[in-house]
Amino acid sequence: MGKKVKKENEAPSKDIFDPLPIESRKPATVVLMLNSPEEEVLAKACEAIHKFAKKGDENCSSLLGLGAVEPLCQLISHEDKLVRRNAFMALGVMAANGDVKRLLKKIDVIPSVIAKLSPEEDLVVQEFASLCLVSLSVDFSCKVQIFSSQGLGPLLQLLSSPDPDVKKNSAECICNLVQDVPSREAVWGLQGIPPLLELLRSEFVVIQQLGLASLELLSLDPDTRACLREEQGLAMLLELLANKECGDLHVAALRVLSSCLLEQDSVRVLAESGGMSTLLQILLSSPQPAVQALALTSLARVAHTSENRQLLHEQAVEQVLVELLCVENDSVRIASCQAVAAMSLSMTSRDTFRHLDGIRAVVKLLSNEGSEVREAAALALSNLTHDHQLNAYAAYEAEGEQGLVQLLQDGSPGGVAHAAAALSHMAQQEVVRSSILSRGAMRALVEPLSCPDTHTLLHTTQALAALACDADGRADLRNAGGLAPLVRLLQSNHKAVRRNACWALSVCANDEATAVELCSLGALELLQDINCSVNRRSTFSERAFQKLLDFNPSLKYSLTGRLGCTDLISDGFYDPGQARPGQTVLSLEELSKQPPTQRRAVITVNTKTLHTVPVEQSEERLQDIPTDARTASALSSKASSRTPSKGKGKGRREDETLTQQEVSTQQEVSLPEKPWILPFDYALQRLVSEAAAVLPLAEEAEQYSSLARLVSEAMGGAVETDRQHDFLWELHISELKFELQSNIIPIGRIRLGTFYHRALLYKALADRIGLSCSLERGEYNRAWNQVLLSSRSPQAPGPLPPQAPRPLPPQASGPLAPQAPRPLPQRRTYLVDLLYQPGRLLRINTPAAIHYQTI
């Protein structure tokens, strides 16, 4: 007892400082206190800094300038719980400041913060530690550091915390982290989907929103979508959508559901569980246009596979879509049209939309004021009419072509593309095509041909080809100046555009006037260049080239070396010789300006009345001549009189005297302004009259043989094989060149002609009198004609020998045996001999025919 009294009366130790209460109103003083060794001082200083930082961002910047961040980063790992908690509170608030955030990245405080996220820590520490990570996770480099520091696992564990603030901060930090692909994959591996789904049941809207935002990003991964399906996530999303009190969450929930429905299994599970019908009911009953538009967008994405379209069709989705087309909201109308377009990829749905009068509802939207609505309606109409003539006619009955043509004129590139596609589908029917053309469709299609958008060019050229099937359409295109931009598309580097342009050109070249203008625009040269390229050549370019050549027999013979039975030689034809691949064939106008040379003579065919065209009108003359762009030719005739040819040969005719018309021609040539002249070939005209005499012959073979003998007599008669060197046809041609002072020689003036002269004359005469034959060019001045005759190889001259009857086979003999059917007459090809034994017909591929062609 005495000892106790003695202790009470004992004086205090000299080393202990009496308690000193301090009141400071300067933040600098408090910052200095962060370096104190006393725990109580540290706790109070951290608490004061926390309160000061909460007042505004400027205070955080002031504290940063005073150096408060570094000691706070050390104090979050202090042994004292109170100091640690208050330090986290201060640092968590200050981390929202941008300058503080940058300093925290340099200090590398993230591992220390993540270490305090364990469940054993105080809830306040967890709250402000996660708040600090929320601020830092906005930065990309901090995201990487959090992920590499294994921070995702502790954050997912905190989603089950009883504290709503901890949940909110953890969910927000996770939402920031899963914007990167590695974090999304890690969440699925850490079994993070179930705790995120549990956030949807929270009573706090902000937590639900953060959970949905994280799930939306996570659902981009296929493994996550499968996990959501297994964890009944689809049912939870539908439950949330059905709750009208959670209307502000419906858009986010639909986004997650839309991503999940990318999986075929998810669509099937939703349909089997009745969730699809629930979704359609929500779609119709929702008062929010944004929800309806997003749901329709989801359906459009689902309908991109045939199996999904069948599932949606079984749920009667077409009826819902037709009803939503009439909603007075542009975003809903656009999404409805897009869904209709997606469902229209199915033939069954296309029929259903027609029965529900959905086509008329779509056509009405073509007159909407919104450009996006018109574009979406055009897309829907394009898919509805694709490969479906009944729907195309239904669109025509609803006057859909009027809105589509109008969209071509004032629509966006996408709208123009969809409108052109719809018109090309509708134009398959003649009555619809006529109506489209009457609306001015061709003129409206000209401007899009110069559009740089590839998608627009593809559909525009397709529509052009579909409408150019009619002569009126081709005339409209010419008058609108649409051929020039179409020809320019041949130079496109895009393969599909170039292919479609070739197809459109081949359709446009079905009449002479259009083909002539296309050639004048350089289409033939461009196609020739394309066909010479291995990479750019296609069947479309070859077809377009052949179609243009069909109206240019001169060029066709020069470039291809062959004229078929349907390629008729008309007035103005000329043969400049075989052109090399890629070589430009000059016109007669250009050839006539050249002086006589040692080159091969140009042979012309003309039995028309003499024409004179001034030089300055030569370009217009190209379109006045009805044969082709190259047939418009000119020839400066300086011939005075025909002199006897000195060459050897049989059947040489007497020279003709000049007529009065030829005399007037000489007078025109002598004028100072030398006109272009297309001379009249009197000798050829007389041969045509003589050739008509073979038509009354009864036998077809005799007709061809008689014509061959006529040609042989006109060209110098028959020539023996071993005496060809005495047949001086080259000298005769040179004399004609000198006489005419030109490389251009009318074929009727030739008295000594070799293979290619005779074959050309034979073809020209046969075409005049209606006999069918082809003309083919060989090498070394070779050319020959082929004719198609009935029965076996004929003997010329004279009729064909009759065919022997076919005997019945042994097993078919007897009085009751069926009679063998009489064989149909066979058609065989023969070569006409015009030189060695004129009139002889040789079977193709026989030794005699091969000898004729090659030797």
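Just so we're clear, the structure is a prediction, and the values are computed from it rather than from any experiment.

This brings us to the overall build of the protein. When its secondary structure is counted, the protein shows 48 helices and ten strands. Contacts in the protein between residues at least 24 apart in sequence constitute 69% of all its contacts with a sequence separation of at least 6. Just so you have it, the protein exposes about 40,400 Å², and 52% of that area is on carbon and sulfur atoms.

Moving on, we come to the sheet that holds strand β1 (residues 562-563). Spatial strand order, β1-β7-β8-β9-β10: five strands in an open sheet with antiparallel pairing. The open sheet has two edge strands, β1 and β10 (841-843), and neither has a second partner. Strand contacts of helix α45 (residues 700-714): β8 (783-790), β9 (827-832) and β10, with the helix running at about 160° to β8, the strand carrying the most contacts. Of the strands in this sheet, β1, β7 (774-777), β8 and β9 are in contact with helix α47 (residues 755-769), which crosses β8 at around 40°.

All right, on to the environment of Leu710 then. Inspection of the secondary structure assignment puts Leu710 in helix α45. Overall, Leu710 belongs to the buried group, its relative accessible area being 12%. Taking C-alpha positions, Leu710 is 9.5 Å from Val694, a pair spaced 16 residues apart along the chain.

Within the sequence span of helix α34 (residues 471-479), burial applies to Gly473, Arg474 and Leu477. Considered in projection along α34, the buried side chains sweep an arc of 100° and stay on one side of the axis. Facing away from the buried side of α34, by more than 90 degrees, are the exposed residues Asp472 and Asn479. Looking at the buried side of α34, the elements it contacts are α31 (430-438), α32 (441-446), α33 (454-467), α35 (483-488), α36 (495-508) and α37 (512-520).

Turning our attention to the environment of Gly370. Mapping Gly370 onto the fold places it in the loop between α26 (358-364) and α27 (371-385). Assessed through its relative accessible area of 19%, Gly370 is described here as buried. Separated by 40 residues in the primary sequence, Gly370 and Asp330 place their C-alpha atoms 7.5 Å from one another.

Moving on, we come to the pairing of β7. Residues Ser774 and Glu776 point to one face of β7 and Leu775 and Arg777 to the other, with burial holding for every one of them. Taken together, the two bridges between β1 and β7 define a ladder with antiparallel strand orientation. By the bridge assignment for β7, Arg562 is matched with Glu776. In this sheet, β8 lies alongside β7 in antiparallel orientation, the contact comprising four bridges. What sits directly across from Arg777, in β8, is Ala783. What sits between the antiparallel neighbours β7 and β8 is a turn of five residues, in which Tyr780 has the positive phi angle 55°.

Attention now goes to the pattern of salt bridges. For the structure shown, the criterion picks out 31 salt bridges. For the salt bridge of Asp351 with Arg354, the shortest nitrogen-to-oxygen distance reads 3.2 Å. Within this pair, Asp351 and its partner Arg354 are both found in helix α25 (residues 347-355), separated by three residues, close to a single helical turn. Here Asp511 ties to Arg474 by a salt bridge, and the two come within 2.4 Å at their closest N and O atoms. Here Asp511 is found in the loop between α36 and α37, whereas its partner Arg474 is found in helix α34, with 37 residues between them in sequence. On the basis of relative accessibility, which here comes to 16%, the residue Asp511 falls in the buried class. Each of Arg229, Asp265 and Arg268 takes part in a single network of salt bridges with overlapping partners.

A word on the pairing of β8. The buried fraction of β8 amounts to six of the eight residues, a majority that puts the element mostly inside the structure. Taken together, the six bridges between β8 and β9 define a ladder with antiparallel strand orientation. Paired with Leu789 across the bridge in β9 is Arg828.

Here we take up the packing of aromatic side chains. Within a pair of aromatic rings, the relevant descriptors are the distance that separates the centres and the angle that separates the planes. Going through the model one piece at a time under the given rule, you end up with eight aromatic pairs. Plain terms: the ring middles of Tyr393 and Tyr396 are 5.3 Å apart, the flat faces sit at 55° to each other, and that makes the pair tilted. Separated by three residues within a single helix, Tyr393 and Tyr396 lie in helix α28 (residues 389-397), roughly one turn from each other. Exposure remark for Tyr393: the relative accessible area of 33% places this residue in the partly exposed category. Seen in terms of ring centroids, Phe755 and Tyr852 are 5.4 Å apart; in terms of plane orientation they differ by 90°. Their pairing is edge-to-face.

Take the side chain of Arg84 next. Note that Arg84 resides in helix α6 (residues 81-94). On the basis of relative accessibility, which here comes to 9%, the residue Arg84 falls in the buried class. A polar contact is formed between the side chain of Arg84 and the backbone oxygen of His78, at a distance of 2.6 Å. Not counting residues up to four positions away in its chain, the partners in contact with Arg84 are Leu75, Ile76, His78, Glu79, Lys116 and Glu121.

Before going further, it helps to spend a moment on the confidence of the model for the protein. For the protein, the mean per-residue pLDDT works out to 83, and 85% of the residues sit at or above 70. α26 holds the highest mean pLDDT among the elements of the protein, 95, whereas helix α42 (residues 618-624) holds the lowest, 36. Counted against residues more than four places away or in other chains, residues 1-9, with its pLDDT under 50, gives zero contacts.

Now for helix α4 (residues 57-65). For α4, the set of buried residues is Asn59, Cys60 and Leu63. Across the axial projection of α4, the buried residues extend over an arc of 105°, all falling on one side. In α4, those exposed residues whose orientation departs by more than 90 degrees from the buried face are Glu58 and Gly65. Looking at the buried positions of α4, the neighbouring elements they touch are α2 (27-33), α3 (39-54), α6 and α7 (98-107). A positive phi of about 85° marks Gly67, the residue just after α4.

Attention now moves to the state of the cysteines. By definition, a disulfide is the covalent link that joins the sulfur atoms of two cysteine residues. Throughout the structure, instances matching the rule amount to zero disulfides. Unpaired in terms of disulfides, Cys469 finds its nearest cysteine sulfur in Cys508, a separation of 9.2 Å. Overall, Cys469 belongs to the partly exposed group, its relative accessible area being 45%.

An order of β2-β3-β6 is seen for the three strands of this open sheet, with the pairing classed as mixed. In the strand order of this sheet, the two ends are held by β2 (573-575) and β6 (744-746), each with one partner. For this sheet the average axis-to-axis angle between neighbouring strands, irrespective of direction, equals 30°. Both β2 and strand β3 (residues 602-605) contribute to a ladder of three bridges, which runs antiparallel. In the sheet register, Tyr574 faces β3, and the bridge partner there is Thr604.

In this section: the packing of α3 against α4. For the pair α3 and α4, the least separation of the axes is 6 Å and the interaxial angle reads 135°. The orientation of α3 relative to α4 falls into the category oblique. On α4, the residues that touch Ile49, Phe52 and Ala53 of α3 are Asn59, Cys60 and Leu63. The residue makeup of the contact of α3 with α4, split by class, is five nonpolar, one polar and no charged.

Reading the values: rules and limits
- Residues numbered from 1 in each chain as written.
- Predicted model: local features only at pLDDT ≥ 70, side-chain atom pairs only at ≥ 80, totals over all residues.
- Heavy atoms only, no water.
- Helix = DSSP H or I, 4+ residues; strand = E, 2+ residues; numbered from the N terminus.
- Contact = heavy atoms within 4.5 Å.
- Areas by Shrake-Rupley, 256 points an atom, 1.4 Å probe, with all protein chains shown as cover.
- Pairing = 2+ DSSP bridges.
- Axes fitted to C-alpha atoms, helices over the stretch in contact; angles between N-to-C directions.
- Buried < 20%, exposed > 50% of the residue type's maximum accessible area, 1.4 Å probe, protein only.
- Arc of directions from axis to C-beta.
- Salt bridge = Lys/Arg side-chain N within 4 Å of Asp/Glu carboxyl O.
- Phe/Tyr/Trp six-rings, centres within 6.5 Å; stacked < 30°, edge-to-face > 60°.
- Polar contact = N/O pair within 3.5 Å; in protein donor to acceptor, adjacent residues only side chain to side chain.
- pLDDT = per-residue confidence, 0-100.
- Disulfide = S-S within 2.5 Å.
- Parallel < 35°, antiparallel > 145°, perpendicular 65-115°, else oblique.
- Nonpolar A, V, L, I, M, F, W, Y, C, P; charged D, E, K, R; others polar.

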